[in-house]
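The lines below spell out each chain.
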Amino acid sequence: MESADESGSGFFKRWRKSGGEKPLPGSVKAVQSHNNNGSLTSSKSGEGLSSYSSLVPTTKQGAVSSTVEVSLDIGTPSKPNTTSPRQLTQKTYHYNKIEQLLSADNVDLNALRKLSWNGVPSEFRPMVWQLLLGYMPTNKSRRDTAISRKRREYFDSIPIYCNITDEERTSQEGETLRQILVDLPRTSPNTPFFHQAAIQKAMERILYIWSIRHPASGYVQGMNDLLTPILLVFMHPYVEDVLRCDVDSLNDQTVLSVEADSYWCLTKLMDNIQDHYTFSQPGLQRMVLRLEDLIRRIDIDLHQHFQEQCVQYMQFAFRWMNCVLLREIPLRAILRVWDTYLSEERTGFENFHVYVCAVLLKMYSENLRSMQFQDILLFLQDLPTSEWGEEEVEPILSQAYILSHLFDESPSHLS
């Protein structure tokens, strides 16, 4: 096949386009550029990068090949020891570009997505997430009115749904509330912020009101995890250190406003992935099957080892999909991951997330292939990622981006 680089050379160089567009760092084997030199490299912005169609292996007749061999050379992420002047300049440029976009009378969402894909500075993150989720209007003149109206609507719903006795609830509503109350103390157990009484009560109301208003799915375990990054980010403008703040020291109206914003943004997020939580959770099952097929394509040795050890992807990957890796990767790193997911518009938490999981498996492939059934499951349920930060997840996101373009533009590879 013409596009195959059998020698294993021709790796993508770590690269970022100027202007905050999506990066293409990492390495992929078996891909050629248009000049057939076996690699795509760039010493300056955009050089050697024509169209992403060149990443799709084809036969001489132009039909998409049925197989592709991909090698991700990522290794275990490690934090850099120093930050170069060039890196500082890039960060300043990125910061200034986002600040400039957000100060416009009308925010250009397409431009914001391109910039946010590479990460959002923490002080801009609440506004950026609300814009990307469609909660905050892009028109500056409409924002105060629109957000005040949505907050007031949420405030009005609290006495209707929450300030009632158990006798006034149906048996189904009572069971939903009971399940939420069971799950909340187990939510992000190593983060004291989420176990303060005011935050627990806010999460209880958000999840309960959402479930009553969405009876097709109701409350499902895992939704409590999805709420944690949103609450954390939206509390940021009001405290210096969210993880160590005393919520009781804040004004009650401030906490209620954060709660209302979190409710509506969780609702926006869930609108795109609701079949993940309907009966039998077909969306999550679909994602697990896609992960299995993807690993079979990019790491046949690991896939065959799983088969030999009778490891089923559903045994570990269902939680990865259901909780979006929130139980595998620390919150400080997850916030960076969500910057990218939200920038992927409607597909980030489903399609792109599968590629992230595939890269994660590929990264530990050598270790996993030396393990037996029980050790494999124990390892995958407790990944050595507790110390990860943004530096560790960025190369994973970049590799996932490469895979997504390689396979999304040649869908027969995953059929």
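Everything discussed here concerns the structure shown above.
Given the structure is predicted, the values throughout are model-derived calculations rather than measurements.

A. Quick look at the overall build of the chain. Across its full length, the chain holds 16 helices and zero strands. The buried share among the 415 residues of the chain stands at 54%. In the structure as shown, the chain presents an accessible area of about 19400 Å², 48% of it carried by carbon and sulfur atoms.

B. Summary view of the packing of aromatic side chains. One pass over the full model with this rule turns up 15 aromatic pairs. Measuring from centroid to centroid gives 4.9 Å for Trp338 and Phe349, while their planes differ by 90°, and the two rings are edge-to-face. Of this pair, Trp338 sits in helix α12 (residues 331–343) while Phe349 is found in helix α13 (residues 348–363), placing the two residues eleven residues apart along the sequence. Exposure class is identical for Trp338 and Phe349. Each is buried. Considering the side-chain rings of Tyr364 and Phe379, the 5.3 Å spacing of their centres and the 75° angle between planes classify their relative orientation as edge-to-face. Taken together, the positions of Tyr364 in the loop between α13 and α14 (365–368) and Phe379 in helix α15 (residues 373–381) put the pair 15 residues apart, joining distant regions of the chain. Both residues of the pair, Tyr364 and Phe379, count as buried. One aromatic cluster is present, built from ring pairs that chain together Trp117, Trp129, Trp338, Tyr341, Phe349, Phe352 and Tyr401. The ring centre of Trp264 lies 3.6 Å from the NZ or CZ of Lys150, which sits over that ring.

C. Representation of helix α3 (residues 125–132) within the structure. Within α3, seven of the eight residues are buried, which leaves the element mostly enclosed by the surrounding structure. Of the residues making up α3, those classed as buried are Arg125, Pro126, Val128, Trp129, Gln130, Leu131 and Leu132.

D. Main features of the packing of helix α7 (residues 223–235) against helix α8 (residues 252–272). Following both chains from N to C, one finds α7 and α8 inclined at 130°, their axes separated by 9 Å at the closest point. Between α7 and α8, the interaxial angle falls into the category oblique. For α7 against α8, the interelement crossing comes out right-handed. When α7 is examined against α8, the residues Met223, Leu226, Leu227, Ile230, Leu231, Phe234 and Met235 are found in contact with a partner set consisting of Val258, Asp261, Ser262, Cys265, Leu266, Leu269 and Met270. Class assignment of the residues belonging to the contact of α7 with α8 gives a composition of twelve nonpolar, one polar and one charged.

E. Fine view of the pattern of salt bridges. A full pass over the atoms with the stated rule returns 19 salt bridges. Across the pair Glu204 and Lys201 runs a salt bridge, and its minimum N-O distance is 3.3 Å. In this pair, Glu204 and Lys201 are both assigned in helix α6 (residues 197–213), three residues apart and thus about one turn of the helix distant. By relative accessible area, which is 15% here, Glu204 ends up buried. With relative accessibility at 40%, the residue Lys201 sits in the partly exposed group. With its nearest N and O atoms 3.5 Å apart, the salt bridge here joins Lys362 to Asp299. Of this pair, Lys362 sits in helix α13 while Asp299 sits in the loop between α9 (282–298) and α10 (300–308), placing them 63 residues apart in sequence. As far as burial versus exposure is concerned, Lys362 and Asp299 are alike and both buried. A single salt-bridge network, built from bridges that share partners, covers Arg125, Asp339 and Glu390.

About the cut-offs
- Residues numbered from 1 in each chain as written.
- Predicted model: local features only at pLDDT ≥ 70, side-chain atom pairs only at ≥ 80, totals over all residues.
- Heavy atoms only, no water.
- Helix = DSSP H or I, 4+ residues; strand = E, 2+ residues; numbered from the N terminus.
- Buried < 20%, exposed > 50% of the residue type's maximum accessible area, 1.4 Å probe, protein only.
- Areas by Shrake-Rupley, 256 points an atom, 1.4 Å probe, with all protein chains shown as cover.
- Phe/Tyr/Trp six-rings, centres within 6.5 Å; stacked < 30°, edge-to-face > 60°.
- Lys NZ or Arg CZ within 6 Å of the ring centre and 35° of its normal.
- Axes fitted to C-alpha atoms, helices over the stretch in contact; angles between N-to-C directions.
- Parallel < 35°, antiparallel > 145°, perpendicular 65-115°, else oblique.
- Left-handed = near helix turned anticlockwise from the far one by under 90°.
- Contact = heavy atoms within 4.5 Å.
- Nonpolar A, V, L, I, M, F, W, Y, C, P; charged D, E, K, R; others polar.
- Salt bridge = Lys/Arg side-chain N within 4 Å of Asp/Glu carboxyl O.

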